[in-house]
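For reference, the chains in residue letters:
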Amino acid sequence: HGGGSVVKFNKSETILASGGWSGYIRLWQIPSGKKIFSWKAHQGEVTSIHFTHNDKLIISSGYDGLIKIWSASGKLQRQIDSAQRIQSMVIDEENDLIFAGHTDGYIRTWRLTTLVLLEQRKQHDSPVRAVTFSRHHHMIASSGSGGDVMLWPKSAPSVKLPSPFTDIRTLAFTENGQILLGGGWFNLYRWSVSEQKLQT
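Residues numbered from 1 in each chain as written. Predicted model: local features only at pLDDT ≥ 70, side-chain atom pairs only at ≥ 80, totals over all residues. Heavy atoms only, no water.

Asks: Can you help me understand the pattern of salt bridges in this one?
Replies: A side chain of one charge can pair with a side chain of the opposite charge when the charged atoms of the two come close. Applying the stated criterion across every chain, the model contains 4 salt bridges. The partner of Arg-108 in a salt bridge is Asp-104, with the nearest N and O atoms 2.8 Å apart. When its relative accessible area of 8% is taken as the criterion, Arg-108 is described as buried. The closest approach of N and O atoms between Arg-121 and Glu-119, which form a salt bridge, is 3.2 Å. (Salt bridge = Lys/Arg side-chain N within 4 Å of Asp/Glu carboxyl O. Buried < 20%, exposed > 50% of the residue type's maximum accessible area, 1.4 Å probe, protein only.)

Asks: Before we go on, may I ask you to explain the nonpolar core in this structure?
Replies: Taken as a class, soluble globular proteins show a tendency for nonpolar side chains to be buried jointly. Leu-151, Leu-171, Phe-173, Leu-180 and Trp-191 are the most contacted members of the largest nonpolar core, which totals 13 residues. Contributing elements (two or more residues each) for this core: strand 14 (139-144), strand 15 (149-153), strand 17 (170-173) and strand 19 (188-192). (Core = buried A, V, L, I, M, F, W, Y, C linked by side-chain atoms within 4.5 Å. Helix = DSSP H or I, 4+ residues; strand = E, 2+ residues; numbered from the N terminus.)

Asks: Quick question: what am I supposed to make of the pairing of strand 8 (residues 76-81) here?
Replies: Within a regular strand, side chains alternate between the sheet's two faces. Taken together, the 5 bridges between strand 7 (residues 66-71) and strand 8 define a ladder with antiparallel strand orientation. Across the sheet, residue Trp-70 finds its bridge partner in strand 8, namely Leu-76. (Pairing = 2+ DSSP bridges.)

Asks: Help me out: how do you make sense of the sheet that holds strand 11 (residues 106-111) in this one?
Replies: The strands making up a sheet associate through backbone hydrogen bonding, with each pair oriented either parallel or antiparallel. Within the open sheet, the 4 strands sit side by side as 9-10-11-12. Their pairing is antiparallel. In this open sheet, the two edge strands, each paired with only one partner strand, are strand 9 (86-92) and strand 12 (117-122). Neighbour-to-neighbour, the strand axes of the sheet open up by a mean angle of 15°, direction not taken into account. Pairing geometry for strand 11 and strand 12, over 5 bridges, is antiparallel. Following the sheet pairing, Trp-110 is matched in strand 12 by Leu-117. (Axes fitted to C-alpha atoms, helices over the stretch in contact; angles between N-to-C directions.)

This is the structure:
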């Protein structure tokens, strides 16, 4: 890849997808590690890869600003040009949504099946580093390269969480949505969603 940036298992955990600086996506058999095949997916770095629940489609994003939907064999099905570099992307397949974080500080929401833009919010004054969501509480969290972390309850104003000492490169909610975890340089950060307290 020239430098790896993202890995993702399919839902049945029989395939691992990887992407990196070269713009290629590669699929690997699990557990043997044998390469299945690869293809040029994006111009520039691949920033996100997701499998649909039935493992039939792969959704990817990249620094080229494109969101692409592929067949499991790497054939392009649909794509949309967001016109902004995408740093992070997650999908909420249950609600047919894509959330993408961009270098202009916006979080944009797209319809997964049609790739129609539904909403865009200016969440950060710096490029978005990571975005995630809690399906149980319909809540989105995002981080900016300036170190700010925002919590976005659906249909409600954003809340700024206590800032860590560094920018947050990855974000994830616990399964019950009560805790938000973030990974920065050398440290792991933990926020209680209800109390909005930060633990390093």
